[in-house]
Each structure stands twice: as structure tokens, then as C-alpha cells.
Amino acid sequence: MRRFILTRLWQTILVMVLVSFGAYLLIGLMPGDPIDLMITANPAITSADIARLKGLYGLDQPLVLRWFHWLSAALGGDFGYSRLFSQPVTALIGPALLNSLKLMLASWALSLAIALPAGIYAALKPHSLRDYGINLAAFAGVSIPPFWLGLMAILVFAVSLHWLPAGGTGQLDDASGWQGLRYLILPVATLTIASVGSHIRFVRGSMIEVMRQDFIRTARAKGLSETGVVTRHALRNGMMPVVTLLGLEFGSLFSGALITETLFSWPGMGRLIYNAVIGSDYNLAMAGLMLATLVTLVGNLLADIGYKLLDPRVKLS
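One numbering rule holds for all chains: residues counted from 1, following each sequence as written. Confidence filtering applies because this is a predicted model: local features only for residues at pLDDT of at least 70, side-chain atom pairs given and counted only at 80 or more, and all residues used for totals across whole chains, interfaces and linings. Hydrogens are left out, water is left out, and the side-chain values use all remaining heavy atoms of the structure.

Per an unreviewed UniProt entry, the protein carries the name Diguanylate cyclase and comes from Thalassospira marina. UniProt annotates the protein under Subcellular location (unreviewed entry) with the comment "Cell membrane". UniProt positions are given in the numbering used here, feature names are shortened, and annotations may be inferred rather than shown by experiment. Per UniProt, the protein has the following entry under Sequence similarities (unreviewed entry): "Belongs to the binding-protein-dependent transport system permease family."

This is how it looks when you write it as C-alpha cells:
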């Protein structure tokens with residue numbers, strides 16, 4: 001296990017370096033650098049000023065050299081200043097990351113709390129009336145676009161009924177906590193409905209496959225109750241493909257949900273990275289992208305370790 005983890009850590013470092021190089025080149029090749037935006041805002045700027053600003057920002061150097069300087073500073077914990085917000089990048093990442101975690105963790109936990117029992121319940125009697133009903137609900141959740149669902153939620157619950165706020169974050173640390181939680185309900189519900197369908201179908205498919213195995217028939221032949229068959233034999237094996245899905249989704253918890261955050265004016269990582277890329281804010285965009293990449297790689301590592309914990313026969317090599 002220790003050798004596997006050390007190997008994966010080296011692979012993670014290599015992937016991070018390659019991704020940072022590719023992302024820096026792509027962002028740097030995008031039309032419109034920060035100086036071009038300054039020229040647009042101030043047409044009276046002189047050529048001497050432009051040359052001085054390019055030197056000040058390091059934009060007169062080759063992209064590869066600029067990437068090397070950025071990487072050297074980032075390894076020392078210095079991600080630079082955000083040009084858009086005039087603040088250190090680390091000061092901007094923290095609050096946005098916390099907001100995204102509140103939103104994404106709540107929807108993720110709620111989606112799994114619904115999908116696991118619903119998927120198992122449907123898998124115990126495949127092609128029955130209850131299986132068709134759960135499948136229909138899952139298909140409906142997968143088919144509805146999140147932006148349309150969010151707009152309908154705002155129109156019904158915020159505009160027509162005035163029950164919930166249309167957007168913003170409120171104060172999550174107020175005395176009762178309720179006023180802040182009201183701002184979470186609509187975005188969390190939108191993300192949950194959009195993701196729970198795929199989770200249900202994944203759990204259902206995995207459990208149906210496991211319930212057909214010989215060891216399940218043997219357990220039933222020994223007189224074990226259906227609840228015992230599911231909890232003691234089927235569930236652990238059926239969760240292995242689900243762990244893969246959860247490991248892949250782990251990174252999205254920290255990179256935010258761009259459409260939902262934009263729709264509900266939620267200041268999370270998705271909006272922050274998008275604004276940074278569109279505004280040619282290299283330092284902020286790179287820090288956000290690297291954080292999302294790192295967390296995704298960590299999620300995959302945790303999924304591999306989860307395989308070993310669920311099934312000791314799995315060899316990590």
C-alpha cells in the first residue's frame with residue numbers, strides 16, 4: 001500500500017506539472033492579454049507606456065519562460081496578485097472555495113442519501129413496477145437541463161411565491177442559521193435533482209449485476225434473509241463501481257458548478273475561474289485550475305484506496 005501511494009504521489013506531481021504547462025500555454029495564447037484590455041480602457045496610452053507595462057507584467061518574455069517563473073513562485077506558495085480583483089490570489093481562493101464546498105457538499109450528500117436506497121430498492125426487483133417508477137424519475141432528473149430547472153425554481157419559489165431568495169449567499173452565521181440556509185435551498189435542490197438520476201442508475205446497475213452472482217445464490221440457499229444477503233454480501237461488492245464515480249466527482253466539489261453558481265449569483269469557484277479566464281487574469285485562473293486538478297487526482301487516489309478497503313482481494317500495484 002505504501003509503495004502504491006508513493007508511486008501515485010510521484011505521478012500526481014508529474015501530471016500537475018504537465019497540466020500547468022498546458023493550461024498556461026492555452027491561457028497565454030488566448031486573444032487579449034491584460035495590456036490589450038488596458039489599451040481598450042485608455043486609448044490615449046502611449047507606445048512607451050505599453051512597452052513599460054509589458055515589461056512590468058513580464059509579457060515581453062516567451063510563454064515558456066513566463067510559465068517557468070510562475071511555476072517557481074507557485075512552488076514557494078506565491079501565486080501572485082489577481083489583476084481583476086487587485087488582491088492576492090490566495091485571499092480570493094479561500095472564500096470562494098468555502099462557498100463552493102457549502103453548495104457542492106450539501107447537494108452531493110443529499111444526492112447520495114437519495115440514490116443509494118432508491119437504487120438498491122429498484123435493483124432488488126428489476127423490471128417490476130417500482131423499478132420502472134424509480135427509473136422514470138431518474139431519467140427525468142438526468143434529462144432536465146440544470147439552467148432551465150434553476151430558472152423555473154427562481155420563477156416559482158422566489159418570484160411567484162416569495163418563499164425563498166432568488167440568489168446570493170445571505171449570512172450563514174446569523175443567530176438562527178435559517179436566514180442563511182434559505183439561500184442554499186434552491187441551488188442545492190437544483191444540483192441535487194440534476195445529479196441524483198445518474199447516481200440512482202449507477203447504483204441500480206451495479207447492484208443488479210452483483211445480485212446475479214453465484215455467491216448471492218449460495219447465501220440465499222443457506223437460508224440468509226434478503227436483508228442479510230444485501231447488507232452482508234451484495235452491498236460491499238456493489239459499491240465498488242460507485243466508488244469510482246464518487247472519486248471522479250470528488251474534484252467537482254472544489255471546482256464548483258459554473259451554471260448554477262452564475263444562475264443564483266453564488267460566489268464560488270466555478271464563477272471565479274470563469275471570470276479569471278475571460279478576464280485574462282492569468283494568476284487567478286492558473287491557481288483555480290491547479291486546485292481543481294489536484295483535488296481530482298486526490299479523489300482518484302482515494303477511490304483506489306477505497307477499492308482495497310471494500311475488497312481485500314484487490315491488489316494495488
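The next thing to look at is the overall build of the protein. Numbering of helices and strands starts at the N terminus; helices are DSSP runs of H or I of at least 4 residues and strands are runs of E of at least 2. Each helix and strand in the protein was counted, giving 13 helices and zero strands. Shown N-terminal to C-terminal, the secondary structure of the protein runs as helices and strands in the order α-α-α-α-α-α-α-α-α-α-α-α-α. With respect to the three principal axes, the spread of C-alpha positions in the protein is 85 × 60 × 35 Å. Burial analysis of the protein (317 residues in total) assigns 41% to the buried set. Only heavy atoms enter the contact rule, under which two residues are in contact if any of them lie within 4.5 Å. Within the protein, contacts between residues at least 6 apart in sequence are counted, and of these 71% link residues at least 24 apart. Burial here depends on accessible area, computed with a 1.4 Å probe over protein chains only, as a share of the maximum for the residue type. Under 20% is buried, over 50% is exposed, and the range in between is partly exposed.

For the rest of this paragraph, the subject is the side chain of S20. Position of S20 relative to the elements: it lies in helix α1 (residues 2-29). Classification of S20 by relative accessible area gives buried; the value is 1%. Not counting residues up to four positions away in its chain, the partners in contact with S20 are W67, W70, L71, M286 and M290.

If you check UniProt for "transmembrane region" (unreviewed entry), the listed places come out as residues 12-30, 105-124, 136-163, 183-203, 242-264 and 284-303 in our numbering. A helix fraction of 100% and a strand fraction of 0% characterise residues 105-124, whose end C-alpha atoms lie 29 Å from each other.

In this section: the packing of aromatic side chains. The aromatic pairing rule takes the rings of Phe, Tyr and Trp, using the six-membered ring of Trp, and pairs them if the centres are within 6.5 Å, calling planes under 30 degrees apart stacked, those over 60 edge-to-face and the rest tilted. In total, this model carries three aromatic pairs according to the counting rule given. Judged by centre distance (6.1 Å) and plane angle (40°), the rings of F157 and W163 are tilted. Residue class for F157 comes out partly exposed when judged on its relative accessible area of 31%. Relative accessible area serves as the criterion here: at 55%, W163 is assigned to the exposed category. Above the plane of the ring of Y121 lies R130, whose end atom (NZ or CZ) is 3.9 Å from the centre. Charge-over-ring contacts are defined here by two conditions on Lys NZ or Arg CZ: a distance within 6 Å of the ring centre and an angle within 35 degrees of the ring normal.

For this analysis, a salt bridge means a side-chain nitrogen from Lys or Arg found within 4 Å of a carboxyl oxygen belonging to Asp or Glu. Tallying each qualifying case throughout the model produces four salt bridges. Its salt-bridge partner being R204, residue D131 comes within 2.7 Å of it at the nearest N-O pair. In this pair, D131 sits in helix α6 (residues 129-143) while R204 sits in helix α8 (residues 178-211), placing the two residues 73 residues apart along the sequence. Note on R204: relative accessible area 13%, which makes it buried. We note a salt bridge from R217 to D214, for which the minimum N-O separation is 2.4 Å. One end of the pair, R217, and the other, D214, are both in helix α9 (residues 214-221), three residues apart, so they sit about a helical turn from each other.

With respect to the secondary-structure elements, T12 resides in helix α1. On the basis of relative accessible area, T12 is assigned to the buried category, the value being 14%. Aside from chain neighbours lying at most four places away, what touches T12 is L294 and L297.

Turning to the packing of helix α5 (residues 89-124) against α6, a few remarks are in order. Working convention: axes come from line fits to C-alpha atoms, limited for helices to the stretch in contact. Angles between N-to-C directions cover 0 to 180 degrees. Viewed as axis vectors pointing N to C, α5 and α6 meet at an angle of 145°, and their least axial separation amounts to 8 Å. Remark: the crossing between α5 and α6 carries left-handed chirality. In contact with A118, Y121, A122 and L124 of α5, α6 contributes R130, D131 and I134. Here the term charged refers only to Asp, Glu, Lys and Arg, the term nonpolar to Ala, Val, Leu, Ile, Met, Phe, Trp, Tyr, Cys and Pro, and the term polar to all other amino acids, Gly among them. For the contact of α5 with α6, the per-class residue count stands at five nonpolar, no polar and two charged. Here a crossing is taken to be left-handed if its near helix is turned anticlockwise relative to the far helix by less than a right angle, and right-handed if that turn runs clockwise.

A word on the domain arrangement of the protein. Partitioning the protein into structural domains gives domain 1 (1-87) and domain 2 (90-310). Note: domain ranges come from an automatic or database domain assignment. Between the C-alpha centres of domain 1 and domain 2 there is a distance of 32 Å. Taken together, the contact pairs 29 residues of domain 1 with 26 residues of domain 2. For the pair domain 1 and domain 2, the summed buried surface comes to about 2,400 Å²; carbon and sulfur atoms form 75% of the total. With its nearest N and O atoms 2.2 Å apart, the salt bridge here joins D304 to R8. Residues adjacent in sequence count toward polar contacts only when both atoms are side-chain atoms; beyond that, a polar contact is any pair of N or O atoms within 3.5 Å, and within protein one must be able to donate a hydrogen and the other to accept it. The interface formed by domain 1 and domain 2 includes six residue pairs in polar contact (both at pLDDT 80 or more). In this description, buried area is defined as the sum, over both parts, of the accessible area (probe of 1.4 Å) that is lost when the two are combined.

Moving on to the environment of Y274. Looking at the element boundaries, Y274 is found in helix α12 (residues 269-278). Along the chain, Y274 and G288 lie 14 residues apart, while their C-alpha atoms are 9.5 Å from each other.

Right, let's talk about helix α7 (residues 146-160) for a bit. Multiplying 1.5 Å by the residue count of a helix minus one yields the expected span of that helix. Compared with the 21 Å implied by 1.5 Å per residue over 15 residues, the 20 Å span of α7 between its first and last C-alpha is a close match. Along its length, α7 reaches its greatest deviation from straightness, about 25°, at I154. Buried residues of α7: L149, G150, A153, I154 and A158, and no others. After α7 finishes, the residue H162 shows a positive phi value of roughly 60°. Here the bend at each residue means the angle between axes fitted to two seven-residue stretches, the one ending at that residue and the one beginning there.

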